[in-house]
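Descriptive structure summary
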Amino acid sequence: MPYHRILVVGAGLAGLRAAIEAAGEDVAVLTRVHPVRSHSVAAQGGVNAPLANVPEGKEDSPERHAFDTVKGADYLADQDAAELMTRLAPERIYEIENWGCPFSRTPEGKIAQRPFGGAGFPRTCYAADRTGHAMLHTLYEQVVKRGIRVYEEWLMLDLIVSGGRCRGVVAMDMVSGRVEAFGAEAVVMATGGAGRIYARSTNSHINTGSAAAFCYMRGVPLKDMEFVQFHPTSLYPNNVLISEAARGEGGYLLNRDGERFMARYAPKAMELGPRDIVARSIQTEIDEGRGFENAYVHLDLRHLGAEKIKERLPAIREIAMYFAGVDPIEKPIPIQPAQHYTMGGLDVDKDGASELPGLFAAGECACVSVHGANRLGGNSLLETVVFGQLAGAAAVRYVRGLEKTGPDGSALDTAVGEVEARIGELISRQDGERTAVIREEMKQVMFEKVGIFREEGPMREAVEKIRELKERVKRARVDARGRRYNLELISALELPAMLELAEVIALGALTRPESRGSHFRRDYPQRDDANWLKHTVARWTPDGPRLEYKPVVITKWQPEARKY
Ligand SMILES: Cc1cc2nc3c(=O)[nH]c(=O)nc-3n(C[C@H](O)[C@H](O)[C@H](O)COP(=O)(O)OP(=O)(O)OC[C@H]3O[C@@H](n4cnc5c(N)ncnc54)[C@H](O)[C@@H]3O)c2cc1C
């Protein structure tokens, strides 16, 4: 039975940065895919840091970056956490640069910075439009260099809690189907977002959120899950992301009349308004008949010229050509909004500590919270390295402070037995419907009824539908009954957990009668600071989530109207 004092679950940027920090301890990483296939690799546009490297950004500072983050978050971010993140940003970026990350450069050789939505200055550092790829490979090299053990293609299926603290996880080796308990004194969750709960998502198929849901079902609360980001520009019709970098470099959004319609919604910021506002503007144009085929608008890059497109946006060009048959040098790109980012997550403090001793979280699966109701582009990659490092350091301090350590044998055996029972039941069930049908219904109902625009009636229907799906999934079957690389079985094991998250998102949204950031209610279009400037905290119960609320930390900036 494997045992490590610290186990990091997830090998994206947050997990690898946490593992590097904990390298002086007995630390290992467990991941469902090879580290460099983690979803961080897909990040395109860049990572924010107030480096003030370009002439237009000379006046930038951590404080201005923190203010933009808080305003972008529609004042739901904890301001002490946003200030901490922006203060540590330069240190983390120069560190990864020193480790060899090939950032694009200014003519003088400094890290180049481009404008991004909702930012007062050009502060997004980038490696062309493959920033996540460059950062992830750099961190992985550091993990290899330090000899950190990585368990690849292991799927976490449960969290082990005993004696009031976290004692490890249960995971399945996807290659053989073998189930094992991984004993640990501290677990750092870094399992990414939950985008695949929605139809139309820019996320990879591995972004199910199931690992965070298993923690939730073991008593770790989730925070602010109703805040789901819809990215304005995903490629029509398959929703591959077209990075904000395309607008940062000067791209225009045009409706079918050829009008730069953002002038009506964000006259100053135009295409570089924050994502929630730009996504709603695009959807409004489409809904009111000014889109194409009732489905998309155009992102026009032609005026940037071939040279700039090839140098700054090579991956965007490739994606548009391969997946839509459009060369942006010659034609506008068809785009529509799609689910993109999970602002909520496991409720943790600035050290990544949850209320369960020994359980830490960082990156997209966690909610510190720095993104509040709407994340600014470029702040997520920053969050992964800042809070990954802090969570790794906190896990080390925690295990060094423990008096009695060593695997809790009986808790580990019981936990493996429970997962084996779940698998046995699924594989032996002869009748029932296929889990794929239930998964599809979940995704559709979430996109249609808990999507960009929300309203009480449809959201009530969504909650009821999810509850119905939770019942149906108990009786569902799989057709493939083997254990080796059984993707149908894996999907079936994750689905009940995904439904738990879907219920938290839908119920949290239904219960919040205001509009804030990404959560836009047609029936309550105004922000309501008097009653709803607070975080939603969801606790698992057998009868569904129990919602509680806690205050937002305000340090310097009182909420004001958000104009761009
Ligand atoms: C297409 C796209 C482009 C983006 N571009 C940008 C950008 O330019 N700038 C920016 O700031 N943000 C961007 N984002 C957001 C950003 O990339 C992510 O939020 C961030 O990379 C998440 O990193 P992470 O380390 O938290 O998780 P991930 O990189 O998603 O890694 C999750 C890890 O958890 C593992 N895992 C998950 N579930 C399990 C399980 N059950 N068992 C075992 N292992 C598990 C996976 O194997 C993986 O290793 C983009 C997002 C998308 C979708």
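So, here is what we can say about the structure in this document. (Residues numbered from 1 in each chain as written. Predicted model: local features only at pLDDT ≥ 70, side-chain atom pairs only at ≥ 80, totals over all residues. Heavy atoms only, no water.)

Re the packing of helix 14 (residues 456-473) against helix 15 (residues 487-511)
Just so we agree on the cut-off: Here the axes come from fitting lines to C-alpha atoms, over the contacting stretch only for helices, and the angles between their N-to-C directions go from 0 to 180 degrees. Strands here are runs of E lasting at least two residues and helices are runs of H or I lasting at least four, both read from the DSSP assignment and numbered beginning at the N terminus. Any angle that falls under 35 degrees is termed roughly parallel, while one over 145 is termed roughly antiparallel, one within 65 to 115 roughly perpendicular, and all others oblique. By convention the crossing between two helices is left-handed if the near helix lies anticlockwise of the far one by an angle smaller than a right angle, and right-handed if it lies clockwise. Any two residues whose heavy atoms approach within 4.5 Å at even a single point are treated as in contact.
Packing of helix 14 against helix 15 brings their axes to within 9 Å, and their N-to-C directions diverge by 160°. It follows from the interaxial angle that helix 14 and helix 15 lie roughly antiparallel. Here helix 14 and helix 15 pass one another in a crossing that is left-handed. Taking contact as the criterion, the partners of Glu456, Met459, Arg460, Val463, Ile466, Arg467, Leu469, Lys470 and Val473 in helix 14 are, on helix 15, Leu495, Pro496, Leu499, Glu500, Ala502, Glu503, Ala506, Leu507, Ala509 and Leu510.

A closer look at the environment of leucine 390
When you line up the elements, leucine 390 lands in helix 11 (residues 379-400). In this structure the C-alpha to C-alpha distance between leucine 390 and serine 38, which are 352 residues apart in sequence, comes to 20 Å. Once residues lying within four places of it in the same chain are set aside, the contact partners of leucine 390 are Leu84, Leu88, Lys350 and Asp351.

What about the layout of surface pockets?
Operational definition: Computed over the protein atoms alone on a 1 Å grid, cavities are sets of points where a 1.4 Å probe fits but cannot get out and pockets are open sets with protein on both sides within 12 Å along at least five of seven lines; a residue lines them when it has an atom within 4 Å of a point. Grid points are joined across faces, edges and corners, and a volume is the space filled by probe spheres set on the points.
Considering only enclosed or pocket space, the second largest pocket measures out at about 760 Å³ in volume. Lining the second largest pocket are 26 residues, and of these Met217, Arg422, Val473, Lys474 and Pro496 sit closest to its centre. Every element with two or more residues in the lining of the second largest pocket is listed here: helix 5 (210-217), helix 12 (409-428), helix 14 and helix 15. With six residues, helix 15 is the largest single contributor of residues to the lining of the second largest pocket.

Overview of the site of the ligand
Keep this limit in mind: One heavy atom within 4 Å of a molecule or strand makes the whole residue count as near it. Definition of a polar contact: a pair of N or O atoms within 3.5 Å, with one able to donate and the other able to accept a hydrogen when the atoms are protein atoms, and with sequence-neighbouring residues admitted only if both atoms are side-chain atoms. Per-residue accessibility takes into account occlusion by the displayed protein chains alone, with areas from the Shrake-Rupley method and a 1.4 Å probe. Residues were grouped as follows: Ala, Val, Leu, Ile, Met, Phe, Trp, Tyr, Cys and Pro as nonpolar; Asp, Glu, Lys and Arg as charged; and all remaining residues, including Gly, as polar.
Taken together, 39 residues are adjacent to the ligand, and Ser38, Ser40, Gly46, Glu364 and Ser380 come closest. At 3.4 Å from an oxygen atom of the ligand is found a main-chain nitrogen or oxygen belonging to alanine 190. The separation between an oxygen atom of the ligand and a polar side-chain atom of serine 380 is 2.6 Å. About the coverage of the ligand: the protein hides 98% of its 1,000 Å² of free accessible area. Of all the secondary-structure elements, those providing two or more residues to the shell around the ligand are helix 1 (13-21), strand 2 (27-31), strand 7 (154-162), helix 5, strand 14 (333-342) and helix 11. The greatest single-element share of the shell around the ligand, amounting to four residues, is contributed by helix 11. Within the shell around the ligand, the residues separate by chemical class into 16 nonpolar, 20 polar and three charged.

Comments concerning a nonpolar patch on the surface
The following threshold applies: Each patch is built from residues lacking any salt bridge and having more than 30% relative accessible area; the joining distance is 9 Å for like charges and 5 Å for nonpolar side chains (Val, Leu, Ile, Met, Phe, Trp, Tyr). Salt bridge, as used here, is a side-chain nitrogen of Lys or Arg placed within 4 Å of a carboxyl oxygen of Asp or Glu. The buried label goes to any residue with under 20% of its type's maximum accessible area, the exposed label to any with over 50%, and the partly exposed label to all in between, with areas taken from a 1.4 Å probe on protein chains only.
A cluster of nonpolar side chains, namely Val175, Tyr485 and Leu487, defines an oily patch on the protein surface of about 270 Å² accessible area. Locating leucine 487 in the fold gives a position in helix 15. Leucine 487 gets classed as exposed once you look at its relative accessible area, which sits at 56%.

With respect to the sheet that holds strand 14
Threshold: Strand pairing is assigned whenever DSSP detects at least two bridges linking the two strands.
Strand order in the open sheet made by the four strands is 11-14-13-12, with antiparallel pairing throughout. The open sheet has two edge strands, strand 11 (228-235) and strand 12 (252-254), and neither has a second partner. Adjacent strand axes in the sheet meet at a mean angle of 45°, parallel and antiparallel pairs treated alike. Pairing between strand 13 (residues 297-300) and strand 14: three bridges, direction antiparallel.

Notes on the packing of helix 13 (residues 435-449) against helix 15
For the pair helix 13 and helix 15, interaxial distance at closest approach is 10 Å and the crossing angle is 20°. Classified by the interaxial angle, the pair formed by helix 13 and helix 15 is roughly parallel. Here the hand of the crossing between helix 13 and helix 15 comes out left-handed. From helix 13, Thr435, Ile438, Arg439, Met442 and Met446 reach across to helix 15, where they touch Ser491, Ala492, Leu495, Met498, Leu499, Ala502, Ile505 and Ala506. A per-class count over the contact of helix 13 with helix 15 returns ten nonpolar, two polar and one charged.

Regarding the nonpolar core
What counts is decided by this rule: For our purposes a nonpolar core is just a set of buried Ala, Val, Leu, Ile, Met, Phe, Trp, Tyr and Cys residues, chained together by side-chain atoms within 4.5 Å.
Core analysis: the largest hydrophobic core is formed by 143 residues, its most contacted members being Ile6, Met156, Met189 and Met446. Per-element accounting of this core gives the leading share, 16 residues, to helix 15. In contact with methionine 189, not counting residues within four places along its chain, are Val9, Met156, Ala211, Ala212, Cys215, Leu346, Leu359, Phe360, Ala361, Ala362 and Cys365. One finds Leu235, Ala246, Met262 and Met270 within the second-largest nonpolar core, a separate group that totals 26 residues.

Describing the pairing of strand 14
Most of strand 14 sits inside the fold, with ten of its ten residues counted as buried. Where strand 11 meets strand 14, six bridges bridge the pair, whose relative direction is antiparallel. Among the inter-strand pairings, serine 234 is bridged to a residue of strand 14, identified as glutamine 336.

Brief notes about the packing of aromatic side chains
What counts is decided by this rule: Geometry of aromatic contacts follows a simple scheme: Phe, Tyr and Trp rings, the Trp one being its six-membered ring, pair when their centres are within 6.5 Å, and the pair is stacked under 30 degrees between planes, edge-to-face over 60, tilted otherwise. Think of it as a cone above the ring: NZ of Lys or CZ of Arg counts as a charge over the ring if it is within 6 Å of the ring centre and within 35 degrees of the ring normal.
A complete count under the given rule lists eleven aromatic pairs for this structure. When the ring of phenylalanine 261 is compared with that of tyrosine 265, the centres are 6.3 Å apart and the planes differ by 85°; the resulting orientation is edge-to-face. Judged by its relative accessible area of 0%, phenylalanine 261 is buried. What makes tyrosine 265 partly exposed here is its relative accessible area of 27%. Grouped by ring-pair contacts, the aromatic residues Tyr151, Trp154 and Phe182 constitute a single cluster. Stacked on the ring of tyrosine 126, the Lys or Arg arginine 114 has its end atom at 3.7 Å from the ring centre. Just above the ring of tryptophan 532 sits the side chain of lysine 534; from NZ or CZ to the centre is 4.7 Å.

What to know about helix 12
What counts here: By this rule the span expected of a helix is its residue count minus one, scaled by 1.5 Å. Taken from the helix axis, the directions to the C-beta atoms give the arc we talk about.
Taking 1.5 Å of rise per residue, the 20 residues of helix 12 would be expected to cover 28 Å, and the 28 Å separating its terminal C-alpha atoms lies within 8% of that figure. Burial in helix 12 covers these residues: Ala411, Leu412, Ala415, Val416, Val419, Ile423, Leu426 and Ile427. Burial along helix 12 is one-sided: seen end-on, the buried residues are contained in an arc of 145°. The elements touched by buried residues of helix 12 are strand 7, strand 8 (165-173), strand 9 (179-189) and helix 15.

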